[in-house]
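Report on the structure
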Amino acid sequence: MSVHKAIRKVTTHVLSEMKLRGEKISMLTAYDYSMAKLVDQAGIDVILVGDSASNVMAGNQTTLPITLDQMIYHGKSVTKGVSRALVVVDMPFGTYQGNSLEAIQSAIRIMKETHADAVKMEGGKEVIESVSRILSAGIPVMGHLGLMPQSIHKYGTYVVRAKEEEEAKKLISDAKLLEEAGCFAIVLEKIPATLGEKVANELKIPIIGIGAGGDVDGQVLVLHDMLGLNQEFSPRFLRRYHNLAAEITGAVGTYINNVKSGDFPNEKEQY
Ligand code: KIV
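Quick summary incoming for the structure in this document.

Moving on, we come to the overall build of the chain. Within the chain one finds 12 helices and eight strands. In terms of C-alpha radius of gyration, the chain reaches 20 Å, essentially the compact-globule figure of 18 Å for 271 residues. Principal axes of the C-alpha set define a box for the chain whose edges measure 65 × 40 × 40 Å. Counting the 271 residues in the chain, one finds 49% classified as buried. Intrachain contacts of the chain at a sequence separation of at least 6 include 58% that bridge at least 24 residues.

Turning our eyes to something else, we now look at helix H10 (residues 193–202). Of the residues making up H10, those classed as buried are Leu195, Gly196, Val199 and Ala200. The arc enclosing the buried residues of H10, seen along the axis, measures out at 135 degrees, which places them on a common side. Opposite the buried face of H10, at more than 90 degrees from it, the exposed residues are Thr194 and Asn201. Of the surrounding elements, those touching the buried residues of H10 are helix H2 (12–20), helix H9 (165–181), strand S6 (185–189) and strand S7 (207–210).

Turning to the site of the ligand, a few remarks are in order. Taken together, Thr29, Leu48, Gly50, Asp51, Ser52, Asp90, Lys120, His144, Val187, Glu189, Ile210 and Val222 are the residues near the ligand. A distance of 2.5 Å separates an oxygen atom of the ligand from a polar side-chain atom of serine 52. Take lysine 120: an N or O atom from its side chain is 2.9 Å from an oxygen atom of the ligand. Contact with the protein chains covers 96% of the free accessible surface of the ligand, which is 260 Å².

This part is about the layout of surface pockets. Looking at the largest pocket, its volume works out to about 750 Å³. Residue lining of the largest pocket: 33 residues in total, with Ser52, Asn55, Val222, Asp225 and Phe233 positioned closest to the centre. Listing elements by their share of the lining of the largest pocket, those giving two or more residues are strand S1 (25–29), helix H4 (53–56), strand S4 (118–122), S6 and strand S8 (218–221). Looking at the lining of the largest pocket residue by residue, the class counts come to 14 nonpolar, 11 polar and eight charged.

The strand order S1-S2-S3-S4-S5-S6-S7-S8 describes a closed barrel built from eight strands, whose pairing is parallel. On average, each strand axis in the sheet is inclined to that of its neighbour by 25 degrees, with strand direction left out of account.

The contact between helix H7 (residues 128–136) and H9 brings their axes to 10 Å, and the two run at 25 degrees. Taken together, the axes of H7 and H9 are roughly parallel relative to one another. Here the hand of the crossing between H7 and H9 comes out right-handed. Taking contact as the criterion, the partners of Ile128, Val131, Ser132 and Leu135 in H7 are, on H9, Leu177, Leu178 and Ala181. Of the residues assigned to the contact of H7 with H9, the class counts are six nonpolar, one polar and no charged.

What follows deals with a nonpolar patch on the surface. Together, Ile248, Val252, Tyr255, Ile256, Val259 and Phe264 line one region of the surface with nonpolar side chains, adding up to about 510 Å² of accessible area. The topology assignment puts tyrosine 255 in helix H12 (residues 244–261).

Cut-offs and rules
Residues numbered from 1 in each chain as written. Predicted model: local features only at pLDDT ≥ 70, side-chain atom pairs only at ≥ 80, totals over all residues. Heavy atoms only, no water. Helix = DSSP H or I, 4+ residues; strand = E, 2+ residues; numbered from the N terminus. Rg over C-alpha atoms; globule rule 2.2 N^0.38 Å. Buried < 20%, exposed > 50% of the residue type's maximum accessible area, 1.4 Å probe, protein only. Contact = heavy atoms within 4.5 Å. Arc of directions from axis to C-beta. Near = heavy atom within 4 Å. Polar contact = N/O pair within 3.5 Å; in protein donor to acceptor, adjacent residues only side chain to side chain. Areas by Shrake-Rupley, 256 points an atom, 1.4 Å probe, with all protein chains shown as cover. 1 Å grid on protein atoms, 1.4 Å probe; cavity = no way out; pocket = protein on both sides within 12 Å on 5 of 7 lines; lining within 4 Å. Points joined across faces, edges and corners; volume = space filled by probe spheres on them. Nonpolar A, V, L, I, M, F, W, Y, C, P; charged D, E, K, R; others polar. Pairing = 2+ DSSP bridges. Axes fitted to C-alpha atoms, helices over the stretch in contact; angles between N-to-C directions. Parallel < 35°, antiparallel > 145°, perpendicular 65-115°, else oblique. Left-handed = near helix turned anticlockwise from the far one by under 90°. Patch = residues over 30% accessible without salt bridge, like charges linked within 9 Å, V, L, I, M, F, W, Y side chains within 5 Å. Salt bridge = Lys/Arg side-chain N within 4 Å of Asp/Glu carboxyl O.

Structural data, given as structure tokens:
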């Protein structure tokens, strides 16, 4: 059994120890009880109830439509299946930007109703008042910089962020601001690997990358993408570990044939 599997419950403190001893942090998304249970049993360190649920579970084009009630529904389902991993719930678009009172109320609802361990928020300087207010209530916050899908209408495209010096400088200063405020970790999405490495080296808190290169402190992927359930999305950073879409359509096809031919149910499959 590896060292990380021997630890009972992963806490934010465990994650900072992992960074200190150079052990990489594994993180995946999950949105429902059954998948969360399997991912937890496999030994993942962090489960993110991502607002990517808006895309992969609800079929929306962006993460913007998902509501606080819907995120709470997914969060509740996930925590019921998890005993070891740290569970982080994304704060959805419109529940924390620009109004720190609404932010703290949203975060408190997430913590009370889902029993998650932490929340995640996109943005740096622009949302620092909300981040600080949530932290002051004792709620652990994970930051998210680089490509921030909740700002897709500002960017207009999902291309790599912070390739230019000005945006890279802002990202570094935002990361430092989030660390100073008390965030326990930061996700960096779709940025140059050299920038990911620089941020991971300059900050004490763990930096978890998705398309941010191999020299950060951990990696996160969307579960449906890495299992090959979602065929439409294939960015360069994505490694597919399975082709579940083919497995599922194959199994469903066999079931249909068995029903049509009268092969299912057989003698043993009835009362
Ligand atoms: O919502 C999500 O799945 C995320 C990951 C891409 C980090 O924020």
